[in-house]
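What follows is the residue order along each chain.
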Amino acid sequence: MAETNTNVPLVDLRTGSGTTPLPQLGFGVWQVPDEGASDAVQAALTAGYRSIDTAAIYGNEAGVGAALAATDVPRDEIFLTTKVWNDNQGREKTLAAMETSLEKLGLDQVDLYLIHWPTPAHDTYVETWKALLELRDAGKARAVGVCNFEPEHLQRLLDETGELPAINQIELHPRLQQRELREFHAKHEILTEAWSPLGQGGDILKDPVIVEIAERVGRTPAQVILRWHLQIGNVVIPKSVTPSRIAENFDVFDFELTDADLAAIEQLDSGDRLGPNPNEMN
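Presented here is an overview of the structure given in this document. (Residues numbered from 1 in each chain as written. Predicted model: local features only at pLDDT ≥ 70, side-chain atom pairs only at ≥ 80, totals over all residues. Heavy atoms only, no water.)

Unlike most non-glycine residues, Asn 148 shows phi in positive territory, near 65°. Relative to the helices and strands, Asn 148 resides in the loop between β7 (141-147) and α5 (151-161). Of note in the backbone geometry, Ser 196 takes a positive phi value of approximately 50° without being a glycine. (Helix = DSSP H or I, 4+ residues; strand = E, 2+ residues; numbered from the N terminus.)

Encoded structure:
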């Protein structure tokens, strides 16, 4: 991937043959309708984002593809992620799902392909993971990973295939900090990527600890939370369709939180999930 014109830190993402740079701050399009996805992605690219995260189940891959076709940002400067949905798990369905996604996106390769959920009751995630490795080795994806996998799911992939995902995209915000999972990731060189990094814009943005830090550093609560993610090493993909908010979420690289700030935010962890439990999502 060529050097981008942004100041986003790059982290090393494992590929089949080495590593590729992944922007630590990206743009997510969950809940963005297909007809609005092109404008949202183009606004994000204009703001400086170079990593775009979509999924088959979001129903907006075509809109994302339209944005990639319309932008003057070169394709090799954009990191594109999509995901295989639960009902397309298993080797043959996964291979076919990738072709469908590529067609909608208007691409012949994605930068990262992920299993969306382990759906353990169906017991297809190992077979699906083998299909992702096959797609990577065939050049359809530069890197492959998973979402919402717990340590036992990751360990099983290692035991049965000898290879771990390059990244695990999980629900992660100040109220759900996932320390055990992040420690497993760090031990095995798996990147941690946070979805719903702002707690879906809920009451976490009004938490007195966050608000106090935000007022002291002259930033919004959302910017403080995004900065916390970056400083503890998470890859993060906030979502918005509002150009001003898209730009605001990107403006987090010219200030730092203190060790005391990080420690205060660490105390907010209550283990509260906003989304499904991965062991129950089938």
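With respect to burial, strand β8 (residues 167-171) is a largely interior element, five of its five residues being buried. Inspection of the sheet shows β7 paired to β8 by two bridges, in the parallel sense. Considered in β8, the bridge of Cys 147 is made with Gln 169. What joins β7 to β8 is α5, and the crossover it makes is right-handed. One crossover worth recording links β8 to the parallel strand β9 (residues 191-195) by way of helix α6 (residues 179-187), and it is right-handed. (Buried < 20%, exposed > 50% of the residue type's maximum accessible area, 1.4 Å probe, protein only. Pairing = 2+ DSSP bridges. Right-handed = clockwise from strand over helix to strand, strands pointing away.)

As a further point, take helix α2 (residues 61-70). Taken residue by residue, α2 has Glu 61, Gly 63, Val 64, Gly 65, Ala 67 and Leu 68 as its buried positions. If you follow the buried residues of α2, they end up packed against α1 (34-47), β4 (51-53), β5 (79-84) and α3 (91-105). (Contact = heavy atoms within 4.5 Å.)

The next thing to look at is the side chain of Arg 136. Along the chain, the position of Arg 136 falls in helix α4 (residues 125-137). Apart from the residues lying within four places of it in its own chain, the contact partners of Arg 136 are Thr 15, Gly 16, Ala 141, Arg 142, Ala 143, Val 144 and Glu 163.

What follows is about empty space enclosed by the protein. Taken as a whole, this structure holds one cavity of 30 Å³ or more when the rule is applied. In terms of lining, the largest cavity is formed by Arg 14, Thr 15, Trp 129, Arg 136, Ala 143, Val 144, Glu 163, Leu 164, Pro 165 and Ala 166. Per-class residue counts for the lining of the largest cavity are six nonpolar, one polar and three charged. (1 Å grid on protein atoms, 1.4 Å probe; cavity = no way out; pocket = protein on both sides within 12 Å on 5 of 7 lines; lining within 4 Å. Points joined across faces, edges and corners; volume = space filled by probe spheres on them. Nonpolar A, V, L, I, M, F, W, Y, C, P; charged D, E, K, R; others polar.)

What follows covers the packing of aromatic side chains. Per the stated rule, a full pass over the model turns up five aromatic pairs. Seen in terms of ring centroids, Tyr 49 and Phe 250 are 4.8 Å apart; in terms of plane orientation they differ by 50°. Their pairing is tilted. Pair noted here: Tyr 49 is in the loop between α1 and β4 and Phe 250 is in helix α9 (residues 243-250), with a separation of 201 residues, a long-range link. As far as burial versus exposure is concerned, Tyr 49 and Phe 250 are alike and both buried. A centroid spacing of 5.7 Å and a plane angle of 75° characterise the contact between Phe 250 and Phe 253, whose relative ring orientation is edge-to-face. The structure contains a cluster of three or more aromatic residues connected by ring pairs, namely Phe 27, Tyr 49, Phe 250 and Phe 253. The cationic tip of Arg 156 hangs over the ring face of Tyr 125; the distance from NZ or CZ to the ring centre is 5.2 Å. (Phe/Tyr/Trp six-rings, centres within 6.5 Å; stacked < 30°, edge-to-face > 60°. Lys NZ or Arg CZ within 6 Å of the ring centre and 35° of its normal.)

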